[in-house]
Amino acid sequence: MSAEAFLQIRNVVKDFDGNRAVDNVSIDIAKGEVFALLGSSGCGKTTLLRMLAGFETPTSGTITLEGRDLAGLPPYARPMNMMFQSYALFPHLTVADNIAFGLKRDGLPAAEIAARVEAMLKLVQLGAYAKRKPHQLSGGQQQRVALARSLAKKPHLLLLDEPLGALDKKLREETQMELANIIEDVGVTCVMVTHDQEEAMTMASRIAVMSQGRFLQVGAPAEIYETPTSRFVADFIGNVNLMDGKLVEDEADHVIVDCGDLRHWVGHGITGTLGMAVTVAVRPEKIRIAAEPPEPEAGVPDAGFNRVQGTVKDMAYFGSFTVYHLQLASGRIVKISQGNTERQSATLTWGDSAWASWSPLSQVVLTQ
Amino acid sequence: MSALRRWLAGRAAVVGIPYVWLAVFFLLPFLVVAKISVSEMETTTFKDIVAWKDGAIAFSLNFGNYLLLVQDSLYFSTFVSSLKYAAVTTLLCLTIGYPFAYFMARARATLQPALLMLVMLPFWTSFLLRVYAWKALLTEHGLVAEAIEALGLDRALAALGLVPGAGQLMNTPFSLVLGMTYTYLPFMILPLYSNLAKMDLRLLEAASDLGATAWTAFWKITVPLSRAGIVAGAMLVFIPCVGEYVIPELLGGPQTQMIGRTLWDEFFSNNDWPMACAVAVTMVLLVIVPVAVFSRYQAEVQERRT
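Only a predicted model underlies this, so the values are computations on that prediction, with no experimental measurement involved. (Residues numbered from 1 in each chain as written. Chains lettered and ligands numbered in written order. Predicted model: local features only at pLDDT ≥ 70, side-chain atom pairs only at ≥ 80, totals over all residues. Heavy atoms only, no water.)

Novice: Can you tell me about the overall build of chain A, naming the residues and giving the values?
Specialist: The helix and strand tally for chain A stands at eight helices and 20 strands. Taking the contacts inside chain A whose residues are at least 6 apart along the sequence as the reference set, 65% of them involve residues at least 24 apart. With 35 positive and 42 negative side-chain charges, chain A shows a separation of 9 Å between the mean positions of the two kinds. (Helix = DSSP H or I, 4+ residues; strand = E, 2+ residues; numbered from the N terminus. Contact = heavy atoms within 4.5 Å. Lys, Arg positive; Asp, Glu negative; His and termini not counted. Charge placed at Lys NZ, Arg CZ, Asp CG, Glu CD.)

Below, the structure written as structure tokens:
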């Protein structure tokens, strides 16, 4: 960790009545980063965000922004603004007055405030709605007003609390990109809280997966997805097949994991000892399904590895892809997701016997 | 079809009952009062406005009472002083009641029912008894009077012209306003409390986040958002205060002539019913104006919510 990080969180702990909400979290966030705190409810992510904003005081630890310790600084004196999950728009003020609220507190001249409000309205494309009251706007528009209000003061750090949480699914997808674009245009450093992994993946440059007040893994979205370091992270982010097994061969260029009903040939070494219990994680989209027994995968010595037969127990058609649940003789279910790249490509159906196979580079071996 | 008709009839009944109630018990008596106010006095009783005389129906509307109300400065000043005392009481109730309601609404949730109970507790004793109690408290050597004198506040009140002299607290504008403020304070606190308790506290966090100190957030967010509560409380205090009779009678003095007492005097001392009715009609009209403003404001709020 470099000493001159933009935002430094050092050994931050927060206790509520004896319950530890945030447990010794440390992280450096660089200028311009969009950093997501991802976790299910109660994992401490919101508490951490509220400590950044100044609504909660850390029990111990320090938070430094641009080299300045934020301890003791009330929310109104911090050079950061927050977009609230509920938006918290002032119902008695117009859209323009909501956006101007923070600027007026700074005592800026009226002309400057007006110009800034106009620029913000333009940024979120709500110019025509300046005179409306919040209740006259749709959920998506309210969300944009909230964003404009939190950006109006040109905060050094933007805090987003579940920025899309209050929108319905369709609107979410549209807004997600738009929000990401605006944040990128403005170039503001951003810490966001979300329980939605998709939201975190599309918007953030780095993600911290949180559970029980701790950071389990911090990394770029692809890193978190493709190389999770723990069962929890692998399971939390996206869909995954987790197969518990034993390390039976450990070489520099490959390892073999015996899971009982199937055997994994993993095309990379791991640090472990023979016989240790491990979990192999394979993403459903990395497994191929076929009616006929497939050729052994490239890099796998023989057909005894990375290949298994079962019957299609369940299938769900999602349009662009189909999810199959292949039941093995042992009872284990293997989830497979197959892209529908050709029309009418699905030939398998319920009860069919089918083969699943995967490449020796597709697995992640988890030791915790 | 008949089901629909029955449903409509049921609806009409539900909507109609309050209207019928108001028509029978407010509008009708009011019209009677209005009628009396324009009739003429005949020694001990008043004449009907429609009379059968010499084979002709004669209508006689006598607006002399209303003319007198405008011309006689006594009536005019009575109205003004009623409005003045009601306004002062309302302001005092707001000043005392707002912080009270605010801290009640922000108190621990488990504590709030008890606090609410304490506000309503005085209602368990007769209003008349409580006003009489003030008489005993404020009279010479009364508990409160002694305390005020010990603190030297009576001299300050005298300097402000609220009491005629040090040591004379009863039957003064001071005792009147004190009694009215005491009596009507709960009517200010309750609507304010219910309004403030509903407020979304995240708005204050948002204000704080945007650079507002607690004080600024209070004036810019809390107060504007509690406007409906302020208006409701003010109306509940102001309207009954204008027509208040008992408190001015028991705690007021010669300086504090109010409409309620004038009404009483006209009815029972002067036995001049038409004049009394004219005073009553004028008072109703005076009070209806703020009520109309209030209901228009409420309608606006309603519209804003939907």
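Novice: Give me the lowdown on the interface of chain A and chain B, citing residues and values where you can.
Specialist: Taken together, the contacts link 21 residues of chain A with 18 residues of chain B. Taken together, the two surfaces of chain A and chain B that pack against each other cover about 1,900 Å², and 64% of this comes from carbon and sulfur. If you sort the residues of chain A by the area they bury against chain B, Y76, H92 and R105 of chain A come out on top, with a joint share of 31%. Counting across the chain A and chain B interface gives one salt bridge. Its salt-bridge partner being E205 of chain B, residue R50 of chain A comes within 2.6 Å of it at the nearest N-O pair. Our enumeration of links across chain A and chain B arrives at six residue pairs in polar contact (both at pLDDT 80 or more). Looking at the side of chain A that touches chain B, the elements with two or more residues in it are strand 6 (80-83) and helix 2 (95-105) of chain A. (Buried area = accessible area lost by both parts, 1.4 Å probe. Salt bridge = Lys/Arg side-chain N within 4 Å of Asp/Glu carboxyl O. Polar contact = N/O pair within 3.5 Å; in protein donor to acceptor, adjacent residues only side chain to side chain.)

Novice: Residue-level account of the pairing of strand 15 (residues 287-290) of chain A, with values.
Specialist: Residue and element names in this part refer to chain A. Across the two faces of strand 15 the burial differs, with I287 and I289 buried and R288 and A290 not buried at all. In terms of strand pairing, strand 15 meets strand 19 (residues 353-358) through four bridges, oriented antiparallel. Counterpart to A290 in the pairing with strand 19 is W355. (Buried < 20%, exposed > 50% of the residue type's maximum accessible area, 1.4 Å probe, protein only. Pairing = 2+ DSSP bridges.)

Novice: Lay out the sheet that holds strand 2 (residues 19-29) of chain A in plain terms, naming residues and giving numbers.
Specialist: All names here are of chain A. The four strands are arranged 2-1-4-5 in an open sheet whose pairing can be described as antiparallel. Pairing within the sheet leaves two strands with one partner each, and these edge strands are strand 2 and strand 5 (68-69). With five bridges joining them, strand 1 (residues 7-16) and strand 4 (residues 60-65) adopt antiparallel strand pairing. Paired with Q8 across the strands is T64, a residue of strand 4. Set on the sheet, helix 1 (residues 45-53) makes contact with strand 1, strand 2 and strand 4; between it and strand 1 the angle comes to about 115°. (Axes fitted to C-alpha atoms, helices over the stretch in contact; angles between N-to-C directions.)

Novice: Can you break down unusual backbone geometry residue by residue, with the values?
Specialist: All names here are of chain A. In the Ramachandran plot, N24 falls in the positive-phi region, its phi being about 55° despite a non-glycine side chain. Counting through the fold element by element, N24 comes out in strand 2. Located in the positive-phi region is Q125, a residue other than glycine, with phi close to 55°. With respect to the helices and strands, Q125 occurs in the loop between helix 3 (110-123) and helix 4 (139-151). By relative accessible area, which is 58% here, Q125 ends up exposed.

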